[in-house]
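Observations on the three-dimensional arrangement
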Amino acid sequence: MNKILIANRGEIALRIMRSAKEMGIKTVAVFSEADRNSPHVRYADEAICIGPSPSNQSYLVMEKIINAAKTTHADGIHPGYGFLSENAIFARKVKEAGIIFIGPSPESMEMMGDKLSAKAAAKKYNIPLVPGTDYAIQDIDKAKIVAQEVGFPILIKASAGGGGKGMRVVNTIEDFEEQMKLAASEALSSFGDGSVFIERYVAAPRHIEIQVLGDTHGNIVYLFERECSIQRRHQKVVEEAPSSCLTPELRKAMGECAVMVAKACNYIGAGTVEFLMDEKMNFYFLEMNTRLQVEHPVTELITGKDLVKEQIKVARGEKLSFTQEDLKIIGHAIEIRVCAEDPTNNFLPDTGTLTTYQIPKGAGVRVDDGFEEGMEIPIFYDNMIAKLITYGHNREEAIQRMIRAIDEYKITGIETTLPFCKFVMMHENFRNGNFDTNFIKNYFQPDDLLSSNADEEIVAALLGAKLMNENNQSHHSVLEPAIENDSRWKKNRGTES
Ligand code: MV4
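Keep in mind that what you see is a predicted model, and the values were worked out from it rather than measured.

1. Quick look at the sheet that holds strand β8 (residues 196-200)
The three strands are arranged β7-β6-β8 in an open sheet whose pairing can be described as antiparallel. Since the sheet does not close on itself, it has two edges, and those belong to β7 (168-170) and β8, each with one partner. When strand polarity is set aside, the average angle formed by the axes of neighbouring strands in this sheet is 30°. With five bridges joining them, strand β6 (residues 154-158) and β8 adopt antiparallel strand pairing. Its bridge partner being in β8, I156 is matched across the sheet by I198. Along the sheet face, helix α7 (residues 140-150) touches β6 and β8 and points at about 20° away from the line of β8.

2. Notes on the packing of aromatic side chains
Enumeration according to the criterion identifies 16 aromatic pairs in this entry. Consider the rings of Y59 and F83, whose centres lie 5.1 Å apart with planes at 25°: the pair is stacked. One end of the pair, Y59, is in the loop between β3 (46-49) and α3 (62-71); the other, F83, is in the loop between β4 (76-78) and α4 (88-96), with 24 residues separating them in the sequence. With a relative accessible area of 0%, Y59 lands in the buried category. Taking relative accessible area as the criterion, F83 reaches 28% and is therefore assigned partly exposed. One aromatic cluster is present, built from ring pairs that chain together Y59, F83, F380 and Y381.

3. Considering the site of the ligand
Looking at the ligand, there are 18 residues lining it, with K157, E199, R200, V202 and H207 nearest. Within the side chain of E199, a nitrogen or oxygen atom sits 2.8 Å from a nitrogen atom of the ligand. The side chain of E287 places a nitrogen or oxygen atom 3.1 Å from a nitrogen atom of the ligand. Burial of the ligand by the protein amounts to 91% of the accessible area it has alone, namely 520 Å². The class makeup of the residues in the shell around the ligand is seven nonpolar, six polar and five charged. Shared between two domains, the shell around the ligand holds at least three residues of each, these being domain 2 (131-200) and domain 3 (206-449).

4. Focus: empty space enclosed by the protein
On inspection of all chains with the given rule, the structure shows four cavities of 30 Å³ or more. If you add up the space inside the largest cavity, you get close to 60 Å³. The wall of the largest cavity is formed by 13 residues, among which P79, I102, T290, R291 and Q311 lie closest to the centre. Two domains share the lining of the largest cavity, each providing at least three of its residues, namely domain 1 (3-102) and domain 3 (206-449).

5. Quick notes on the pattern of salt bridges
Counting across every chain of the model gives 35 salt bridges. When the shortest N-O distance is used, the salt bridge between E199 and K119 registers 2.7 Å. One end of the pair, E199, is in strand β8; the other, K119, is in helix α6 (residues 115-124), with 80 residues separating them in the sequence. Considered together, E199 and K119 belong to a single accessibility category, that of buried residues. One salt bridge connects E396 with R431, and the closest N-O pair in it is separated by 3.3 Å. Remark: R431 occurs in helix α14 (residues 428-431) and E396 occurs in helix α12 (residues 395-408); sequence separation between them is 35 residues. According to the relative accessible area criterion, R431 is partly exposed, its value standing at 26%. Linked through salt bridges whose partners overlap, the residues forming this network are E209, R226, K236, E239, E295 and R337.

6. Comments concerning unusual backbone geometry
Following F152, the chain continues into P153 via a peptide bond in cis, with omega recorded as -5°. Tracing the backbone shows P153 in the loop between α7 and β6. The omega torsion across A241 and P242 is -5°, close enough to zero to call that bond cis. Mapped onto the elements, P242 comes out in the loop between β13 (238-241) and α9 (248-264). At R233, a residue that is not glycine, the phi angle is positive and equals roughly 45°. Looking at the element boundaries, R233 is found in the loop between β11 (231-232) and β12 (235-236). Under the relative-accessibility criterion, R233 is labelled exposed at 64%.

7. A word on the packing of α3 against α4
As a packed pair, α3 and α4 sit with axes 11 Å apart at the nearest point and diverge in direction by 30°. What the angle tells us is that α3 and α4 run roughly parallel. The handedness of the crossing between α3 and α4 comes out as right-handed. Within the contact between the two elements, α3 uses M62, E63, I65 and I66 and α4 uses I89, F90, K93 and V94. Residues that form the contact of α3 with α4 fall into these classes: six nonpolar, no polar and two charged.

8. Re helix α11 (residues 307-315)
Along α11, seven of the nine residues are buried, which leaves the element largely enclosed by surrounding structure. For α11, the complete set of buried residues consists of L307, V308, K309, E310, Q311, I312 and V314. Between a side-chain oxygen at the N-terminus of α11 and the backbone nitrogen of V308 the separation is 3.0 Å; the capping residue is D306. Taken from the residues just after α11, G317 is the one with a positive phi, measuring 95°.

9. So, the side chain of T299
With respect to the helices and strands, T299 occurs in helix α10 (residues 296-303). Polar side-chain contacts of T299 include one of 2.8 Å to the side chain of R226. For T299, the contacting residues outside a window of four places in its chain are Q211, L223, R226, G304 and L307.

10. Quick word on the environment of T27
Examined against the element boundaries, T27 turns out to sit in strand β2 (residues 26-31). You can call T27 buried: its relative accessible area is 2%. Note: C-alpha distance between T27 and D45 (18 residues apart in sequence) is 5.3 Å. Excluding anything up to four places from it in sequence, T27 contacts I4, I6, M17, A20, A44, D45 and E46.

Cut-offs and rules
Residues numbered from 1 in each chain as written. Predicted model: local features only at pLDDT ≥ 70, side-chain atom pairs only at ≥ 80, totals over all residues. Heavy atoms only, no water. Pairing = 2+ DSSP bridges. Helix = DSSP H or I, 4+ residues; strand = E, 2+ residues; numbered from the N terminus. Axes fitted to C-alpha atoms, helices over the stretch in contact; angles between N-to-C directions. Contact = heavy atoms within 4.5 Å. Phe/Tyr/Trp six-rings, centres within 6.5 Å; stacked < 30°, edge-to-face > 60°. Buried < 20%, exposed > 50% of the residue type's maximum accessible area, 1.4 Å probe, protein only. Near = heavy atom within 4 Å. Polar contact = N/O pair within 3.5 Å; in protein donor to acceptor, adjacent residues only side chain to side chain. Areas by Shrake-Rupley, 256 points an atom, 1.4 Å probe, with all protein chains shown as cover. Nonpolar A, V, L, I, M, F, W, Y, C, P; charged D, E, K, R; others polar. Domains from an automatic or database assignment. 1 Å grid on protein atoms, 1.4 Å probe; cavity = no way out; pocket = protein on both sides within 12 Å on 5 of 7 lines; lining within 4 Å. Points joined across faces, edges and corners; volume = space filled by probe spheres on them. Salt bridge = Lys/Arg side-chain N within 4 Å of Asp/Glu carboxyl O. Parallel < 35°, antiparallel > 145°, perpendicular 65-115°, else oblique. Left-handed = near helix turned anticlockwise from the far one by under 90°.

On their own, these measurements won't tell you what the molecule is for.
Pasting the structure below:
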């Protein structure tokens, strides 16, 4: 492979080009009109404009991307994540054009893209599944019987869904019929496929995913887990590796299950097998993502492997250069997603110009970003502007380094999730590893950000006033009740010092 086209933008396009460059491979960027001056365009050896800003007129148009690859004589296409990365039709078209798709086969993508066929494949290999059905359910009366066997609360899921879309929790049999009809019609209108299935609802799970890598010679290895439980409305916020809740035995069992899921669909390249884990540490296969994931850097840092290079090597037909026994976890890595949204205002997406943009530096800090100071954040795409990743000898060092790096990160002009991520890093339950997918819902209120960041001065002023009151020996200060009842004061006690 001499030249690859990156069918993506932003941080991931840059990330992929860097590995290609280190391998002596030329790179081709594609860009929309909004991205004309983006770093990924300048970094590439060649760049081709593929149309107007909306992604359905540029980054999602298969023919434009394949034509750009033909024009530039690229012999491979890397899709990154999002956009066309899990589109089997695209993978097939790329192949038919005589270009290597850097990713799995269209058949693997199809099998794992449908949640029911993914479950059926996993079941054949005796992979643990959440109790429920592994077939589409249509008949309401039959579904009610199954629901009662499985036990309430149950979760209705759309087979064509994923990432939490088209899911409905049902607590009682009385609600079942209505919810099932709604779920099916929603699935049909959103995905063009009304198939739904049911599972027992695991109310407070952890989300743990296993990175796998397969070559074209039948070798598949696992590169351990990523803990992704800290998420908000199915958007991951913090990811780390390894998980603080796995034992070596569980890690091995989950890793081996993940490899079997990959084998079940003849997986080639980098993929991720998602599991839910309940309070009793039972794990269940959920779905497989057939792409390089946003959070792949934490795996790179603890394994010392460059996943993009491995993807390219596998796509060239090379055998994996290491075995399962060669892989070891060294240290601990944490990633936070820096998004252009306002955590004090219901995470409302924010747009504007990066008036100040200074990234943190120093030992154990990695920033994967796609913007520079002075640039405008386009409204057309995902609002993740950067990923901040820290590495340490152990979890505590990685966390302390993350707090230090967040404090060094200077962004003005737009609101970001940085203060929110600091809140997570400082939280007792994050620190002690005692959390599940409900962490943010359970512990976060916008007020929590006011004390640790922008309002430090206000807090200092209030504290000054309080001290003055105390000095005046006024035991009935008007400030006191307000302060004592203010969650901001209690929350951060002990964590700041
Ligand atoms: C579940 C579940 C509880 N019980 N399935 C959400 C995304 C999709 N990948 C599957 N998801 C879930 N499936 C059963 N039977 C809870 C979730 C879930 C979740 C999973 C992983 C990470 C975050 C989540 C947030 C809410 C719900």
